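Notes for the structure review
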Amino acid sequence: MARFRGILTSIAAAAAVVSCGGETRPPALAPAASASVAPVATNSVEPPPAAPAAPTASTAAPEPPRLAAPSPVARYTGFAKPESVLYDADNDRYLVSNINGNPDDKDNNGFISVLSPDGQVTNLKWIEGGKAKVKLDAPTGSAIAKGVLYVADLTTVRMFDLKTGAPKGEIAIPGTTLLNDVVAAPDGKVYVSDSGFKITATGTLEATSSDAMYVIEKGKAKALVKTTDLHMPNGLAWSDKGLVVCSSGAPEVFRLDEKGAKQDATTTAPGGRLDGLISLGDSLLVTSHEASAVLRGKLGGTFVVAIPEQKTPADIGYDTKRGRVLVPHVMVDTVDVYELR
């Protein structure tokens, strides 16, 4: 726990320096652990590439700090459009949502994978659409509340027993287009975003104007706010300030108050088409498809590139035990793990 607090302190201090234009570099990613080459298999883990050479110091005027492309601690392979990674702290494992096909198709072939932190895919299809009475089309974000795994799946939130993976019901939300991310609050309420877009065959976003935020309580969903001013809300995180949201339709991160009003809106200058979001104390990490990176910053502050050269980074997770950032690459079918220090 002391180490985790140290991580947060380091991140927050570096972010403050960045916003002031200082020369101190942000917290570096720990060097990759050595790994042996594994045979190619559906549930294998691929060893990370060699770490890049350290950048040469420049005598010119300092530029905004930016990390060189780091090497992942581990790289998991064998997925089918992995859209999100969730750290299950109680069971010390990573849960990966696989769309497995077109993101708009109701094909009942989506699945949830289980990964171990030591680098193994322990169960590629732990929860699988079309098997054991499971309905799962194109799963995206997920969250855990009171022993139940909540998974966003197009226009329905599906629930599963966290221990067994058995179905525990579903909550259809009429009028939605793409339920995208899910987050649980400390009081047990579960929030889910409707991004209000469809993804075309060319990968562009086609607005449907159903942008909204819903809250699930006692097995029922109700709208917290419905407005296109949310700019295609996607990633969600719970912070000390409450619910934080990032948008796919604008390079924006903001907080929603209990009435659904926007607060502390911040533009993420390095890039837009935001996707995943996690909260680390008063700092935030958010993925950007346009920047091909994981960005770091604060509400009301400056965002900078924290992990560059990330192809199609989607809904990231965070291993609170080890201080690891878990990055799914939805179009590359890999999950990379990076360690902050």
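What you see is a predicted model, and the numbers here were worked out from it, not measured in a lab.

**Overview of the overall build of the protein**
Scanning the protein for helices and strands turns up one helix and 27 strands. Relative to its 341 residues, the protein shows a buried fraction of 53%. Put simply, 48% of the contacts in the protein that link residues at least 6 apart link residues at least 24 apart. Split by element, the accessible area of the protein, about 14,800 Å² in all, is 51% carbon and sulfur.

**A look at the confidence of the model for the protein**
With 79% of its residues at a pLDDT of 70 or more, the protein shows a mean pLDDT of 84. Long-range and interchain partners of residues 1-66, a stretch whose pLDDT sits below 50, account for 101 contacts in this model, where long-range means more than four residues apart.

**A short note on the sheet that holds strand β18 (residues 242-247)**
Ordered in space as β17-β18-β19-β20, the four strands form an open sheet in which the pairing is antiparallel. With one partner strand each, in any of the chains shown, β17 (233-239) and β20 (262-267) form the two edges of the open sheet. Each strand of the sheet is rotated relative to its neighbour by a mean of 20 degrees, with strand direction disregarded. The pairing of β17 with β18 spans five bridges and is classified as antiparallel. Bridge pairing in β18 places S239 opposite G242.

**What about the packing of aromatic side chains?**
For the coordinates displayed, the defined rule picks out two aromatic pairs. Their ring planes at 25 degrees and their centres at 5.8 Å tell us that Y191 and W238 sit as a pair that is stacked. With Y191 in strand β12 (residues 190-194) and W238 in strand β17, this pair connects stretches of sequence that are 47 residues apart. By relative accessible area, W238 is classed as partly exposed at 32%. Geometry around W126 places R93 over its ring, the cationic atom sitting 4.6 Å from the centre.

**Thoughts on the side chain of N180**
Here N180 shows up in strand β11 (residues 179-184). N180 has contacts with E83, T140, G141, A152, S193, S195, F197 and N234, leaving out every residue within four places of it along the chain.

**Some points on the environment of G219**
One can find G219 in the loop between β15 (212-217) and β16 (220-226). A C-alpha to C-alpha distance of 8.6 Å links G219 and E170, two positions 49 residues apart in sequence.

**Quick word on the pattern of salt bridges**
Oppositely charged side chains can pair when the atoms bearing their charge come close. Throughout the structure, instances matching the rule amount to 15 salt bridges. For K131, the salt bridge identified is with E128, shortest N-O distance 3.6 Å. A relative accessible area of 47% means that K131 is categorised as partly exposed. Residues R158 and E170 are paired through a salt bridge, measuring 2.6 Å at the closest nitrogen-oxygen approach. Taken together, the residues R158 in strand β9 (residues 156-161) and E170 in strand β10 (residues 167-172) connect sequence positions 12 residues apart. Assessed through its relative accessible area of 7%, R158 is described here as buried. A residue is classified by how much of its surface remains accessible, and E170, at 48% relative accessible area, is partly exposed. A single network of salt bridges, built from pairs that share partners, joins K135, D137, D153, R158 and E170.

**Observations concerning the layout of surface pockets**
Counted as a void, the largest pocket has a volume near 940 Å³. Taken together, 36 residues make up the lining of the largest pocket; nearest its centre are L86, Y87, V183, Y318 and T320. At the level of elements, β3 (82-88), β7 (139-145), β11, β17, β21 (274-280) and β25 (317-319) are the ones that each hand at least two residues to the lining of the largest pocket. Broken down by element, the residue count for the lining of the largest pocket peaks at five residues, all from β3.

Criteria and thresholds
Residues numbered from 1 in each chain as written. Predicted model: local features only at pLDDT ≥ 70, side-chain atom pairs only at ≥ 80, totals over all residues. Heavy atoms only, no water. Helix = DSSP H or I, 4+ residues; strand = E, 2+ residues; numbered from the N terminus. Buried < 20%, exposed > 50% of the residue type's maximum accessible area, 1.4 Å probe, protein only. Contact = heavy atoms within 4.5 Å. Areas by Shrake-Rupley, 256 points an atom, 1.4 Å probe, with all protein chains shown as cover. pLDDT = per-residue confidence, 0-100. Pairing = 2+ DSSP bridges. Axes fitted to C-alpha atoms, helices over the stretch in contact; angles between N-to-C directions. Phe/Tyr/Trp six-rings, centres within 6.5 Å; stacked < 30°, edge-to-face > 60°. Lys NZ or Arg CZ within 6 Å of the ring centre and 35° of its normal. Salt bridge = Lys/Arg side-chain N within 4 Å of Asp/Glu carboxyl O. 1 Å grid on protein atoms, 1.4 Å probe; cavity = no way out; pocket = protein on both sides within 12 Å on 5 of 7 lines; lining within 4 Å. Points joined across faces, edges and corners; volume = space filled by probe spheres on them.

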